[in-house]
Amino acid sequence: MSAELPQAPQPPAEQKLKIYFLPNLLTAGNLFCGFVALTKIVEADLANGFHQIEVALGFILLACIFDLFDGRVARMGGIESPFGREFDSLADFMSFGAAPAFLVHRVVLKDVFGSHPQFGWFIASLYLLCGAFRLARFNCLSAQGSSGSSKEFLGFPIPSAAGLVASLTLLIIQINEKDRTLGKWGYLLAAVLVFLSAMMVSTVKYPSFKSLGLRSTSTFTKAIIAAMFVGLILVLGDLILYYVLPAFFTLYLVYGFVRPRISRRMRHEIEEEDDEDEPVAGQDLPR
């Protein structure tokens, strides 16, 4: 009797792609805001003021809010997926890479260097390139499972970079609201864009604050301070928008440098690290 020939291995059954509705809906909102921001930048008539630019900046900041919540919703529901990570990166590249780079070039960089406009588009493209590298590095490290602690970002996050650019531009427009140009402030924005480009691809670590959520606890004093801050936003909305947002993103940028030099206890207080996964004193460890 002839021996049976070995059968070729059957290809594994195709896995169904999991696309979770709510987190990806928020990511879609992020992408939509980035596209609207780009549209408003293209349509802006700078000879008549910066109204369209302010609308575009508002949509970039709104995209930051969508990006803040899409990942938290996914983690709260335990529905993180590779599709969501890739979709989020594509949306981030539009809203926090292309839109801010094109905006700063349109408003500032194309004129600030006078007869050498090539320097302007080079700086804008440098920011865009570093943002793309930042997102690609994050995805690769996440896919390899070697991205380090989930509570840390390697390099300055691109949504925070875009938030700093957008809020700082809004502040400068507010300061020069009677002018049709940003004047010497343009050089500041150019320098900020170059510095943020380097920071996004740096190895400086920033807290992700992923442990902050509905289950996060806080001290009584911090709860009072947070409530007062919300009240100030409601009463002094414009002032908060123009002055506090640039200060907030700048503090986060600087915190990456001072973070390794502060005590572990102070870092714990600032970052509100969740200790629910750490063993409680007196509790037996699992065996």
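Conventions we followed
- Residues numbered from 1 in each chain as written.
- Predicted model: local features only at pLDDT ≥ 70, side-chain atom pairs only at ≥ 80, totals over all residues.
- Heavy atoms only, no water.
- Helix = DSSP H or I, 4+ residues; strand = E, 2+ residues; numbered from the N terminus.
- Buried < 20%, exposed > 50% of the residue type's maximum accessible area, 1.4 Å probe, protein only.
- Contact = heavy atoms within 4.5 Å.
- Areas by Shrake-Rupley, 256 points an atom, 1.4 Å probe, with all protein chains shown as cover.
- Patch = residues over 30% accessible without salt bridge, like charges linked within 9 Å, V, L, I, M, F, W, Y side chains within 5 Å.
- Salt bridge = Lys/Arg side-chain N within 4 Å of Asp/Glu carboxyl O.
- Phe/Tyr/Trp six-rings, centres within 6.5 Å; stacked < 30°, edge-to-face > 60°.
- Core = buried A, V, L, I, M, F, W, Y, C linked by side-chain atoms within 4.5 Å.
- Expected span 1.5 Å × (residues − 1).
- Axes fitted to C-alpha atoms, helices over the stretch in contact; angles between N-to-C directions.
- Parallel < 35°, antiparallel > 145°, perpendicular 65-115°, else oblique.
- pLDDT = per-residue confidence, 0-100.
- Polar contact = N/O pair within 3.5 Å; in protein donor to acceptor, adjacent residues only side chain to side chain.

Draft legend 1. Summary view of the overall build of the protein chain. When helices and strands are counted, the protein chain shows nine helices and two strands. Scanning the protein chain from its N terminus toward the C terminus, one meets helices and strands in the order α-α-α-α-β-α-α-β-α-α-α. The buried share of the protein chain, taken over its 287 residues, is 36%. Sequence separation of at least 24 residues holds for 81% of the intrachain contacts in the protein chain that already meet a minimum separation of 6. Approximately 17,700 Å² of the protein chain is accessible, and the part contributed by carbon and sulfur atoms is 66%.

Draft legend 2. Region of interest: a nonpolar patch on the surface. Together, L62, I65, L68 and F69 make up a nonpolar patch on the protein surface, roughly 340 Å² of accessible area in all. Examined against the element boundaries, I65 turns out to sit in helix α2 (residues 51–76).

Draft legend 3. Structural view of the packing of aromatic side chains. Overall, the coordinates contain five aromatic pairs when judged by the stated rule. Considering the side-chain rings of F83 and F87, the 5.9 Å spacing of their centres and the 40° angle between planes classify their relative orientation as tilted. Note that F83 and F87 are positioned in helix α3 (residues 82–112) at a spacing of four residues, about one turn of the helix. For F83, a relative accessible area of 27% gives the class partly exposed. Where F248 meets F249, the ring centres are 5.4 Å apart and the plane angle is 70°; that geometry is what we call edge-to-face. Overall, F249 belongs to the buried group, its relative accessible area being 10%. Within the aromatic cluster, the residues linked to one another by ring pairs are F156, Y206 and Y252.

Draft legend 4. Here's a closer look at the pattern of salt bridges. Scanning the model with the defined rule gives two salt bridges in all. For E152, the salt bridge identified is with K205, shortest N-O distance 3.9 Å. With a gap of 53 residues between them, E152 in strand β1 (residues 152–154) and K205 in strand β2 (residues 205–207) connect regions that are remote in the sequence. Here E152 falls in the partly exposed class, since its relative accessible area comes to 24%.

Draft legend 5. The arrangement of the environment of E271 in detail. Residue placement: E271 occurs in helix α9 (residues 264–271). For E271, a relative accessible area of 5% translates into the label buried. Sequence spacing of E271 and S208 is 63 residues, and the spatial spacing of their C-alpha atoms is 8.6 Å.

Draft legend 6. Structural detail: the nonpolar core. Counting residues in hydrophobic clusters, the biggest one holds 54 residues, and the most contacted among them are I53, L103, L109, Y127, F156, L196 and Y206. Elements with a minimum of two residues in this core: α1 (21–43), α2, α3, α4 (118–144), α5 (158–175), α6 (185–200) and α8 (237–258). Examining the composition of this core, we find that 11 residues originate from one element, α5, more than from any other. Those residues within four positions of L196 in sequence are excluded, and the remaining contacts are Y127, F156, A161, L164, V165 and L253.

Draft legend 7. A look at α6. Between the first and last C-alpha of α6 there are 23 Å, a value that for 16 residues agrees with the 22 Å anticipated at 1.5 Å per step. Those residues of α6 that fall on the buried side of the exposure criterion are G186, L189, A190, V192, L193, L196, S197, M199 and M200.

Draft legend 8. Highlighting the packing of α3 against α6. One way to put it is that α3 packs onto α6 with a least axis distance of 9 Å and a crossing angle of 110°. Taken together, the axis directions place α3 and α6 in an arrangement best described as roughly perpendicular. Seen from α3, the contacting residues are V104, V108, L109 and V112; seen from α6, they are G186, Y187, L189, A190 and L193.

Draft legend 9. Representation of the environment of G131 within the structure. When you line up the elements, G131 lands in helix α4. With a relative accessible area of 0%, G131 lands in the buried category. Sequence separation between G131 and M199 is 68 residues, and the spatial gap between their C-alpha atoms is 9.8 Å.

Draft legend 10. Representation of the confidence of the model for the protein chain. Scored by pLDDT, the protein chain comes out at a mean of 79, with 75% of its residues at no less than 70. Mean pLDDT values for the elements of the protein chain range from 69 in helix α7 (residues 220–235) up to 92 in α1. Segment residues 274–287 is flagged for pLDDT under 50; beyond a separation of four residues in sequence, or across chains, it makes five contacts in the model.

Draft legend 11. Highlighting α2. Taking 1.5 Å per residue, 26 residues should reach 38 Å; α2 reaches 38 Å between its end C-alpha atoms and fits that length. Within α2, the full set of buried residues consists of I53, A56, L57, I60, L61, A63, C64, D67, D70, R72 and A74.

Draft legend 12. Region of the structure containing the side chain of S202. Within the secondary structure, S202 sits in the loop between α6 and β2. A distance of 2.7 Å separates a polar side-chain atom of S202 from the backbone oxygen of M199. Once residues lying within four places of it in the same chain are set aside, the contact partners of S202 are R137, L154 and G155.

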